[in-house]
Amino acid sequence: MTRKSEVAGRSTIRDVAARAGVSASTVSRVLGGVYPVSASTRARVMRAVREMDYVADARAKAVAGVATPALAFVLEDITGPSFAHMAHGVEREATRLGHLCLVCSTEGDVRHELEFVEMMRAQRAAAVILVGGAADTPEYRERTRRMAESLASAGSRLVLCGRPPLGPGAPVTVIEYDNEGGAYALVAHVLAQGHRRVLFLGGKPDHTTAQGRERGYLAAHRARGLEPDPTLLLHGDFTRDSGHRLTREALGAGLEFTAVVAATDMVAAGALTALHEAGLDVPGDVSLAGYDDIPFARDLHPALTTVHVPYEELGRLAVRTALGRTPQTPDEHLLLGTHVVVRDSVAEVQEEEQ
């Protein structure tokens, strides 16, 4: 006799159990892999699963007590291209390892972030991954340390991707890329082309990612015995609109520069539009460089010289590391490299122009 659920096209765990001649709890044990089951029983159950095209319902698995803990990925802006690539890495690695991945966009609201982390603690998430820079203040360190300790007490793990470390003793994993080093190498490349007045379009002054990139800009100049004009350091945010606005303001103020280094590729895209609107050729009149190496950087005209950040690998590594550590593991700090991708947007300055 055919069960109603089979006619409807969706088999239940009881249907599978009936086909295999075992109890529903035995099917749960086989699918969950958490209790020993004889080889012959496992074979019967898996044959029934295949024959009935059964797909385990996550809610049913939770009721049976064999649900795999989810991972939570928390970021400020889900529309940011670099964040999207990191999220892709997290989701793919979580799926490969059999975990559900939940994404939360906080829009910069600290309270929202805290509420989400607490909810994940209550749900006993396997790990919570916080992404993106932050203002490195005593309040930030204390708040984040409390989150790390709270998650650890529930058997979870806090992972910081591109966020400031918390100091010794916190049960947290920090995964970063060489942010300052990438900016240093990029600006060194621009300076090596003969540029001496390089406009820097930075982010918010208290943002740790922006600070690291600005430090790289300054260090590259000083390594060559140069002191950049402070009027060439402008601050905004990491958006296309910011790059467009800051570049227009620099041109309107009569600032002299032969190259622009933008804190992100999105900022560089806005700068490129502003330069074109002013009738300037890139790189004929002004060279331009970005940071992140998001996919559209190679499709700009000209293709953008930038810094490659391994965002997807950062996401994958965050998952692998979080799942491979116990909550009591002390703080650990992993660093991935960056490198300059040379394309067409930076040109050498001719001798008479230096």
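Residues numbered from 1 in each chain as written. Predicted model: local features only at pLDDT ≥ 70, side-chain atom pairs only at ≥ 80, totals over all residues. Heavy atoms only, no water.

**Student:** What exactly am I supposed to notice about the sheet that holds strand β2 (residues 101-105) here?
**Tutor:** Hydrogen bonds between backbone atoms are what pair the strands of a sheet, whose relative direction is either parallel or antiparallel. On the basis of which strands lie adjacent, the open sheet formed by 6 strands has the order β2-β1-β3-β4-β5-β11 and parallel pairing. Edge positions in the sheet fall to β2 and β11 (332-336), since each has one partner strand and no second. Across the sheet, the axes of successive neighbouring strands diverge by a mean angle of 20 degrees, strand direction being ignored. Alignment of strand β4 (residues 158-161) against strand β5 (residues 172-177), held across 4 bridges, turns out to be parallel. Within β5, the residue paired with valine 159 across the bridge is threonine 173. The strands touched by helix α6 (residues 81-96) within the sheet are β1 (71-75), β2, β3 (127-131) and β4, with β1 carrying the most contacts at an inclination of about 180 degrees. The sheet contacts of helix α8 (residues 138-153) involve β3, β4 and β5, and relative to β4 the element is tilted by about 140 degrees. (Pairing = 2+ DSSP bridges. Helix = DSSP H or I, 4+ residues; strand = E, 2+ residues; numbered from the N terminus. Axes fitted to C-alpha atoms, helices over the stretch in contact; angles between N-to-C directions. Contact = heavy atoms within 4.5 Å.)

**Student:** Honestly, the pairing of β5 in this entry has me stumped. Any pointers?
**Tutor:** Every other side chain in a regular strand lies on the same face of the sheet, so the side chains alternate between the two faces. Of all the 6 residues making up β5, 5 are buried; the element is thus mostly covered by neighbouring parts of the structure. Bridging between β5 and β11 involves 5 bridges; their strand directions are parallel. Along β11, the bridge assignment pairs tyrosine 177 with leucine 336. (Buried < 20%, exposed > 50% of the residue type's maximum accessible area, 1.4 Å probe, protein only.)

**Student:** Whenever I open this one, the environment of arginine 124 confuses me. Can you help?
**Tutor:** Of note, arginine 124 is situated in the loop between α7 (110-122) and β3. Each C-alpha atom, one on arginine 124 and one on alanine 154, is 6.3 Å from the other, the two residues being 30 residues apart in sequence. Look past the residues within four positions of arginine 124 in its chain and what remains in contact with it is Pro69 and Ala154.

**Student:** Any chance you could explain the sheet that holds strand β7 (residues 233-235) here in plain terms?
**Tutor:** Strand order in the open sheet formed by 4 strands is β7-β6-β8-β9, and the pairing between neighbours is parallel. The sheet is open, and its two edges are formed by β7 and β9 (287-289), each paired on a single side. For this sheet, the mean inter-axis angle between neighbouring strands, taken without regard to orientation, is 15 degrees. With 3 bridges connecting them, strand β6 (residues 198-202) and β7 associate as parallel partners. Bridging across to β7, phenylalanine 200 finds its partner in leucine 233. The sheet contacts of helix α9 (residues 179-192) involve β6, β8 (259-262) and β9, and relative to β8 the element is tilted by about 175 degrees. In this fold helix α12 (residues 265-277) packs onto β6, β8 and β9, with an angle of close to 160 degrees to the strand it touches most, β9.

None of this, on its own, says anything about what the molecule does.
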